[in-house]
Amino acid sequence: MRYRQLTTGTLALGVLLLIDVLRVWLPGIITIFGQAASTPAELMGAFALGWFVLALGAPAVVRRVGPRPVTVVAAVALAVARLTLTAAPGGRTQLWLATAGLLAGLVWLVGVAADTDRPVPGLALGFAVNAALHAVLDTVDLVWRGGWLAWLLSAVAVAVFLVGTAQPGQSATLAGTADGPDGPADALGGPGGGRAWLLAGPALLLAGMVALSPALARTGMSYLAGDGVARSPLFGLAPVPVAVAGFLGAALTRPPRVWGRAYGPVALLAGAVLFALDSGDLLLPAILLAAVGLGACLALADDTSDPGTDAANVSASRRGYAVAAGMLVFALGAVGYYSAYDLGYPNAAVPVVVAALVAAVALTARPAGDRLPGPVAPLRATAAVTALALLAPVLADEVPVASNRDGPPQRLTVVAYNIRMGFGLDGRFDLTGLAEVVDRQRPDVVLLSEVDRAWLLNGGHDTLDLLSDRLGMPYVFGPAADPVWGDAVLSRWPVRDPRSRPLAAVGAPTGAQALAVTLDLGDGVHTAVVSTHLQPPPGKGPVVQARAVADFAIRYAAGRPLVVAGDLNTEPGDEAFAEFAKAGLVDALATARPLATSPADDPRQQIDHIFVSPGLIPADPVAPRSTASDHLPVAVTLTLPPR
């Protein structure tokens, strides 16, 4: 049992390190290789998929060289890449380090698969512990945190992983195990495991996208008001321990017999379908169903003896090809889901198709007659990881509170900022840079565009909640492309009557909306604020959307002072820009023109704007320099009309 526990723990720790690398590598495809959308989506997809295709050659290397040398060398390369990434170097250095770590991790998985026919306990623990730690760290990994503590914890994780990898191979720990042509068969229950290894990649995708995503859980909690917009939630991470407990409990216990075996696949498919419906109100049931269902499907794949085969057929190569193919499914699903916004096909089917694949593989597994006990005690393991996840609502949940200060203010400072999912021009996740450039303006209200709250391709961060905590300003969020991508308003003053209006896509790659809120400034004084991000159709300006936003904003304000701001993707003199003037709004940045905001390192385009109603008097318009995003923020101080 000692060796089996060591193998399981080392596999779980390696999965943690690989996921850490993926959370750097995946956003690097967009922010570094993609160069702010200037690289064609097809080329980015080919770059991403190429490394997973390359890993399909690893089983042949394992067969020729042997699993142990390949596993050890790949483990060292993965560990070095992961530790080096803690420095968050940014730029192409960061991208290639992460790419090397990814490829090393894929080869390491193939090597481990050659020696392990019982991977489910290790995989499940890796997924669950990663979710718990990601929640405790408030969805910001150690890679992005820096500082001595991040280095220390990263070094400890890497050292323990390498020590575990350096221990004698599993096949050497049991005598009398049958040998096949590819080397010794597995030490954890005989030949098999191909089905379970095949599910490693799809399960990783579904865990990161839905079932075990702390950022998605918090986002789901923020929609509990049920009016289509999201607000700063209380105990936003509370669903994470529930999802972790449901997932691990289902994955580590033996599944029921006969008809009871169907509950996992059914629950997983139901969760994937709810997620695909793109409704914030359905996120919490989607998470919980997917977590339990995914765990139960892994248990079904673990509880199989592959009758009718022997060690020669269910060999190291077969397991190696299974895990490599499964990770290719991960890449196809991740890239396919997000590239849909550029290529124009519906992506809602991706999680459902992947869930159906997992369900089919699990359901067609034939139960083992006699199965050796698992390497970990299900109840103790589930309780321990759940206890870790329970720390998250205590340590990581902060809820800024807005309140009326001393009467209505005479002035409001407004900042509008396209934050590019929190990633700077160098490809680093730069919350500190974003918060600093905004906070220097001493804003009363902040309007954000390109807000990502849980996309796996961007690392699974809740960027909005993290910025809200750093600025000490609660938020209201309006979904655009889906429930976790859109625009937001953060305010030091209480917010009333939030409304989100979807805008016609008119051929644009992502969805767009207009989010309206009313600032309660005290003593019956109110100001309307509308945050939006216009998406122009190919080769045209966002005229239709601009007209719709202007009309919506005027109607919503109903004569009250009004602010409309965001990344409008139009320049002064354009037809779309003129739509706001036609509605009677004033360019609050006019006295500082030209005021270019994009790209941030060499601004040439004036596409980020603030419009106000005539009663508001703008002063001190600026676009402070920063490379924390690919846009510069714009800020202005508005004098309120006399009461």
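Every chain's residues receive numbers from 1 upward, in the order its sequence appears when written. Confidence filtering applies because this is a predicted model: local features only for residues at pLDDT of at least 70, side-chain atom pairs given and counted only at 80 or more, and all residues used for totals across whole chains, interfaces and linings. No hydrogens and no water enter the side-chain calculation; it runs on all heavy atoms of the structure.

**Examining the confidence of the model for the chain**
Test applied: The predictor attaches a confidence to each residue, called pLDDT, with possible values from 0 through 100. It only takes one pair of heavy atoms within 4.5 Å for two residues to be counted as in contact.
On average, residues of the chain score 89 in pLDDT, and 91% of them are at 70 or above. Counting interchain partners and residues more than four positions distant, the pLDDT-below-50 stretch residues 170–191 has 47 contacts. Counting contacts from residues 306–314, a segment whose pLDDT is below 50, to residues more than four positions away or on other chains yields 19 contacts.

**Let's talk about the sheet that holds strand E10 (residues 526–533)**
The following threshold applies: The criterion for strand pairing is that DSSP finds at least two bridges linking the strands in question. Secondary structure elements are defined from DSSP: runs of H or I of at least 4 residues count as helices, runs of E of at least 2 residues count as strands, and each element is numbered from the N terminus. Every axis in this analysis is a line fitted to C-alpha atoms, fitted for helices over the stretch in contact. Angles between the N-to-C directions lie between 0 and 180 degrees.
Sheet architecture is open: 6 strands sit in the order E8-E9-E10-E11-E13-E12, paired in mixed fashion. Both outer strands of the open sheet, strand E8 (495–503) and strand E12 (586–587), are each paired with one neighbouring strand and no more. Lying over the sheet, helix H20 (residues 543–557) contacts E8, strand E9 (512–520), E10 and strand E11 (562–567), oriented at roughly 155 degrees with respect to E8.

**As for the packing of H20 against helix H21 (residues 575–582)**
Going by this rule: Any angle that falls under 35 degrees is termed roughly parallel, while one over 145 is termed roughly antiparallel, one within 65 to 115 roughly perpendicular, and all others oblique. For any pair of crossing helices, the crossing counts as left-handed if the nearer helix is rotated counterclockwise from the farther one by less than a right angle, and right-handed if it is rotated clockwise. Polar here means any residue other than Ala, Val, Leu, Ile, Met, Phe, Trp, Tyr, Cys and Pro, which are nonpolar, and Asp, Glu, Lys and Arg, which are charged; Gly is therefore polar.
Between H20 and H21, the least distance of the axes is 8 Å, while the angle of their chain directions is 15 degrees. The pairing of H20 with H21 is recorded here as roughly parallel in orientation. In this structure, the crossing between H20 and H21 has a hand that is right-handed. Seen from H20, the contacting residues are Val543, Ala546, Arg547, Val549 and Ala550; seen from H21, they are Glu575, Ala576, Glu579 and Phe580. A class-by-class count of the residues in the contact of H20 with H21 yields 6 nonpolar, no polar and 3 charged.

**A word on the pattern of salt bridges**
Put simply, the rule reads: One side-chain nitrogen of Lys or Arg within 4 Å of one carboxyl oxygen of Asp or Glu is enough to make a salt bridge. Three exposure classes are used, based on accessible area relative to the maximum for each residue type with a 1.4 Å probe and protein chains only: buried under 20%, partly exposed in between, and exposed over 50%.
What the rule picks out here adds up to 17 salt bridges. Linking Arg492 and Asp439 is a salt bridge whose minimum nitrogen-to-oxygen distance equals 3.7 Å. On the criterion of sequence distance, the pair formed by Arg492 in the loop between strand E7 (485–491) and E8 and Asp439 in helix H18 (residues 431–439) is long-range, its members being 53 residues apart. Taking the relative accessible area as the measure of exposure, Arg492 reaches 22% and is therefore partly exposed. For Asp587, the salt bridge is made with Arg593, and the minimal N-O distance between the two is 3.0 Å. A relative accessible area of 16% places Asp587 in the buried class. Look at the salt bridges and you will find they share partners, linking Asp138, Arg218, Asp397 and Asp465 into a network.

**Let's talk about the pairing of E10**
As a reminder of what qualifies: The handedness of a crossover follows from its direction of travel: if, with the strands pointing away from the viewer, the path from the first strand over the helix to the second runs clockwise, the crossover is right-handed.
Where burial is concerned, most of E10 is hidden: 7 out of the 8 residues are buried. As paired strands, E9 and E10 are joined by 7 bridges and run antiparallel to one another. Considered in E10, the bridge of Ala516 is made with Val530. Connecting the antiparallel pair E9 and E10 is a turn made up of 5 residues, with Gly522 showing a positive phi of about 95 degrees. Looking at chain direction, E10 and E11 are connected through 6 bridges and run parallel. Along E11, the bridge assignment pairs Thr532 with Gly566. Following the chain from E10 across H20 to the adjacent parallel E11, one finds a crossover that is right-handed.

**Some points on the sheet that holds strand E5 (residues 445–452)**
With mixed pairing, the 7 strands of this open sheet are ordered in space as E3-E6-E7-E5-E4-E15-E14. Each of the sheet's edge strands pairs with one partner strand only, and the pair in question is strand E3 (230–231) and strand E14 (617–622). Sheet topology note: the E3/strand E6 (residues 475–482) ladder contains 2 bridges and is antiparallel. The residue of E6 that forms the bridge with Ala230 is Phe477.

**Comments concerning a nonpolar patch on the surface**
Condition: The patch calculation keeps residues exceeding 30% relative accessible area without a salt bridge and links them within 9 Å when they carry like charges or within 5 Å when they are nonpolar (Val, Leu, Ile, Met, Phe, Trp, Tyr). Each accessible area is a Shrake-Rupley result for a 1.4 Å probe, and residues are judged covered by the shown protein chains and nothing else.
A surface patch of nonpolar side chains, about 600 Å² in accessible area, is lined by Trp148, Leu149, Leu152, Leu153, Val156 and Val160. Turning to its location among the elements, Leu149 is positioned in helix H8 (residues 147–166). Look at Leu149 and you get partly exposed, because its relative accessible area is 44%.

**Some thoughts on the environment of Gly264**
By the secondary structure assignment, Gly264 is in helix H13 (residues 263–276). Those residues in contact with Gly264, other than ones at most four positions away along the chain, are Gly293, Ala296 and Cys297.

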